[in-house]
Amino acid sequence: QVQLVESGGGLVQPGGSLRLSCAASGSIFSIYAMGWYRQAPGKQRELVAAVRSGGSTNLADSVKGRFTISRDNAKNTVYLQMNSLKPEDTAVYYCNADVRRSLSDYVGRYWGQGTQVTVSS
């Protein structure tokens, strides 16, 4: 199996910063894209940012210029640096990873358990 464990969420004031981390472990042959989604109360889950194995990234328009996604392939870890946080960034943040568990296996998408980010004064 593959496990994704997130950390770094919490309560922060508007304008503040947080850094989320997500480490993948378990039966891993290779990891392709890794990313972060978020879901606010009463809203659908939305893509925040994604990074491919080669390092190319894409960010939602709502976070461009404020959030940065990066990954450490040696540690199977993806990071989300969030600056200039706004109340509308409040949500549960989920990481995901597209993982091939063996050379003969299909690529599956795995999810973390989610971490709460609350932006409030």
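The model shown is predicted, which means the values in this text are computed figures rather than measured ones. (Residues numbered from 1 in each chain as written. Predicted model: local features only at pLDDT ≥ 70, side-chain atom pairs only at ≥ 80, totals over all residues. Heavy atoms only, no water.)

Draft legend 1. Region of interest: the nonpolar core. Among the nonpolar cores identified, the biggest contains 29 residues, and Trp36, Val48, Phe67, Leu80, Met82 and Tyr93 are the most heavily contacted of them. The element contributing the most residues to this core is strand β9 (residues 91-100), with 5 residues. With near-sequence residues (within four places) excluded, methionine 82 lies in contact with Gly16, Ser17, Leu18, Leu20, Arg66, Phe67, Tyr93 and Val117. (Core = buried A, V, L, I, M, F, W, Y, C linked by side-chain atoms within 4.5 Å. Buried < 20%, exposed > 50% of the residue type's maximum accessible area, 1.4 Å probe, protein only. Helix = DSSP H or I, 4+ residues; strand = E, 2+ residues; numbered from the N terminus. Contact = heavy atoms within 4.5 Å.)

Draft legend 2. Expanded view of the state of the cysteines. Counted by the stated rule, this structure contains 1 disulfide. Across a sulfur-sulfur distance of 1.9 Å, cysteine 22 and cysteine 95 are joined as a disulfide pair. In this structure, the disulfide formed by cysteine 22 and cysteine 95 twists by about 40° around the S-S bond and is classed as right-handed. Of this pair, cysteine 22 sits in strand β3 (residues 18-26) while cysteine 95 is found in strand β9, placing the two residues 73 residues apart along the sequence. With relative accessibility at 0%, the residue cysteine 95 sits in the buried group. (Disulfide = S-S within 2.5 Å.)

Draft legend 3. Focus on the sheet that holds β3. The 4 strands are arranged β1-β3-β8-β7 in an open sheet whose pairing can be described as antiparallel. Whereas interior strands pair on both sides, the edge strands pair on one side only; in this sheet they are β1 (2-7) and β7 (67-72). Pairs of neighbouring strands in the sheet enclose a mean axial angle of 15°, with direction left out of account. Pairing of β3 with strand β8 (residues 77-82) involves 6 bridges; the strand directions are antiparallel. When the bridges of β8 are listed, cysteine 22 appears paired with valine 78. (Pairing = 2+ DSSP bridges. Axes fitted to C-alpha atoms, helices over the stretch in contact; angles between N-to-C directions.)

Draft legend 4. Representation of the packing of aromatic side chains within the structure. According to the stated counting rule, one finds 1 aromatic pair in the structure shown. Ring geometry for tyrosine 37 and tryptophan 111: centres 5.1 Å apart, planes at 65°, overall edge-to-face. Of the two residues, tyrosine 37 is situated in strand β4 (residues 30-39) and tryptophan 111 in strand β10 (residues 107-111); the sequence distance between them amounts to 74 residues. With relative accessibility at 18%, the residue tyrosine 37 sits in the buried group. Positioned above the aromatic ring of tyrosine 79, the side-chain terminus of arginine 19 is 4.1 Å from the ring centre. Sitting above the plane of the tyrosine 94 ring, arginine 45 keeps its charged end 3.8 Å from the centroid. (Phe/Tyr/Trp six-rings, centres within 6.5 Å; stacked < 30°, edge-to-face > 60°. Lys NZ or Arg CZ within 6 Å of the ring centre and 35° of its normal.)

Draft legend 5. Seen up close, the pairing of strand β11 (residues 115-119). The two faces of β11 differ: Thr115, Val117 and Val119 on one face are buried, but Gln116 and Thr118 on the other face are not. Examined bridge by bridge, β9 and β11 share 3 bridges and lie antiparallel to one another. Counterpart to alanine 91 in the pairing with β11 is valine 117.

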